[in-house]
Structure formats: C-alpha cells, structure tokens
Amino acid sequence: MPDIIVDSWGMLQEELFKGAWNDAIQRYRPPFVYRGLSDASYRLETSLMRLGGPFWSLEKHLLRNFRKYSRAQGREDPDSFWHLLAVAQHHGLPTRLMDWTYSPYIALHFALANLERFDLDGVIWRINYKQVHDRLPSELKGQLAAEGAQAFTVELLTSIGQESPDCRVGEKTFHQYVETLTQFDALGRSEEFLLFFEPPSIDERIVNQYALFSVMPNPRRVIDDWLNLHADLFQRIIIPGSLKWECRDKLDLCNITERVLFPGLDGLGSWLKRHYSPKI
C-alpha cells in the first residue's frame, strides 16, 4: 500500500481517523493500531535487534538476568513468561516486543517528540490488527474467538499449551520461561505471523499511552519485511518535516504531551524542556 504524504494539519486529521467508523455497531471504533517514528526511514526493528551481532542468542540470557536481579530488588516474580516479557519491555530491557498504541494522537506524539529530527519527515504506521489476527494459527484464533476478544492479553497467551505442567511459572525454574517461548515459536514454523497483545496495567504510563505490544515467533524477523508481504494490512502516513512544528504545537494544545504520557518528574522535565525550546 503506498505511503500517504500529508500536506496540512487538516489532511493529517482525515488520514488519522480514516476507516474509524464501524458500521456494525454505529460507532467510531477503528480496527487499527499505530506507531509513530520521528524519522520515516526508520524500520520496525525491535530493541533486541538493535543490539546487533547474534542478538537472537541473547534473548534468554537477558530475560533470565532481568528476572534474577529484579527479584533481588524485592519485586514479585511475574506469574507467567508473558508477564515477565511485558515488564521487561516496559522497563527498557531489549526484547522482541514492539510498542504500539490504539491512539493515533499518541502515535503522532512519538513522531513529533524529538526536536532534533524536525528537519526530517516523520511517519505513523497504521496496521489493521483485526486482519493481522485473521492470519494467526488456528489455535490462537480459536482462543480469541472463545474469549470474544480482538487482541490478546497476558492471560490468554499464558494459556497456550496449558496442558503442560510447565506453562505456569510461579516459583519454578527459568526453564519454564524458555519452554513457553519455544512453544510460541513452534506455532510459526509453517508460516510466520504477527500478534498483538495488551500488557497488564503495570503503571499509569501503560494506561495513559493506550499501549499494546506486538510479537512475532521469530526474533530475527523485522516486522516491515513481513508486512511488505501483506501490503493490504498497513499504511504509512508521512509527516513532512516542514509540517512538524505546526502539528507539534497543535498536539500540545490537545494536552498530548510527555507530562501526560510519562507521569512523574521525568515526564514533567521532558515536557518542559521541549515546550520551552526555541523553534529552529
């Protein structure tokens, strides 16, 4: 699907909310998730990929040590592998997960958050997650249908292979975490897929960012490589560098800022630094 290059704030609004009407329920409930990037040339590479080298071989070591040292700091052990993975991603550990949002405005914020990239075109990736989930293996589609859900939760993912006594981690060894990941990866052996799941409400940041994660059963697969094989599932909205200042200021007027999306003093400091930076 070709990129859409917007040339005004008004055109951007039309594109962000295009396809949002759900005729079945007569409400604006779009089947999309969004991800904003400050540079349109950036690929959809996970933080694990950005480590470089044989990054895929480091995944279990990163998770094992994150679990080990987070417990040493008095944090409760996550009750499943997927809970562990979500917490690790949320706190900056390189993982195979990628952050998305249900909100087009929050994605727009992240496309406009870096003032050092205002001379470059930004981008918002928009993916039809319902159609993406239509391509899931039958076992996973059956779980969504039985639950009447559109996206997975940690609890739904944890039920994969629940006939195994190792599927729930609790106080068991790290072997069970690796086993769960192996079970998940096995589902993509015949055909790779993309899956979206909602993390637990770890803190206000997760809630305020209307966040969810994507995951693939192959840690080496760059998401846009998979998407390019299914071009009907996504679209890219390009925001020219020349339009960024206007969009940033108007987004601030809508109160979509670091102060709201990152509750606490760190978010407040980031917002004030950007808000009072002169236009270059």
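Residues numbered from 1 in each chain as written. Predicted model: local features only at pLDDT ≥ 70, side-chain atom pairs only at ≥ 80, totals over all residues. Heavy atoms only, no water.

### Topic: the environment of Gln-209
Relative to the elements of secondary structure, Gln-209 occurs in the loop between α9 (204-208) and β9 (211-215). The class for Gln-209 is buried, based on a relative accessible area of 12%. Distance from Gln-209 to Val-260, taken between C-alpha atoms, is 8.7 Å for residues 51 residues apart in sequence. What Gln-209 contacts, discounting residues up to four positions off in sequence, is Thr-101, Ile-106, Phe-110, Leu-261 and Phe-262. Among the polar contacts listed, one links the side chain of Gln-209 to the backbone oxygen of Leu-261, at a separation of 3.0 Å. (Helix = DSSP H or I, 4+ residues; strand = E, 2+ residues; numbered from the N terminus. Buried < 20%, exposed > 50% of the residue type's maximum accessible area, 1.4 Å probe, protein only. Contact = heavy atoms within 4.5 Å. Polar contact = N/O pair within 3.5 Å; in protein donor to acceptor, adjacent residues only side chain to side chain.)

### As for the environment of His-83
Locating His-83 in the fold gives a position in helix α3 (residues 81-90). Here His-83 falls in the partly exposed class, since its relative accessible area comes to 22%. Placed 52 residues apart in sequence, His-83 and Pro-31 show a C-alpha to C-alpha distance of 25 Å. Residues within four places of His-83 in sequence aside, it is in contact with Pro-78, Val-154 and Pro-200.

### Some thoughts on unusual backbone geometry
For Tyr-210, which is not glycine, the phi torsion reads 50° and is therefore positive. Its place among the elements puts Tyr-210 in the loop between α9 and β9. Accessibility expressed as a relative area gives 47% for Tyr-210, which makes it partly exposed. The phi dihedral of Asn-255 is positive, around 65°, even though this residue is not glycine. Its location among the elements puts Asn-255 in the loop between α11 (244-253) and α12 (258-261).

### Looking at the nonpolar core
A general feature of soluble globular proteins is that nonpolar side chains tend to end up buried together. Membership of the largest hydrophobic core comes to 28 residues, with the highest contact counts inside it found for Trp-82, Phe-152, Leu-195 and Phe-197. For this core, the secondary structure elements donating two or more residues are α2 (59-72), α3, α6 (138-147), α7 (154-158), α8 (175-186), β8 (195-198) and β9. Ranked by the residues each element gives to this core, the list is headed by α3, at seven residues. Sequence-distant contacts of Phe-197, defined by excluding residues within four places in its chain, comprise Trp-82, Ala-86, Leu-97, Phe-152, Thr-153, Val-154, Leu-157, Leu-212, Phe-213 and Val-215. Judged by nonpolar contacts, the second largest core, of 23 residues, contains Leu-37, Leu-44, Val-132 and Phe-196. (Core = buried A, V, L, I, M, F, W, Y, C linked by side-chain atoms within 4.5 Å.)

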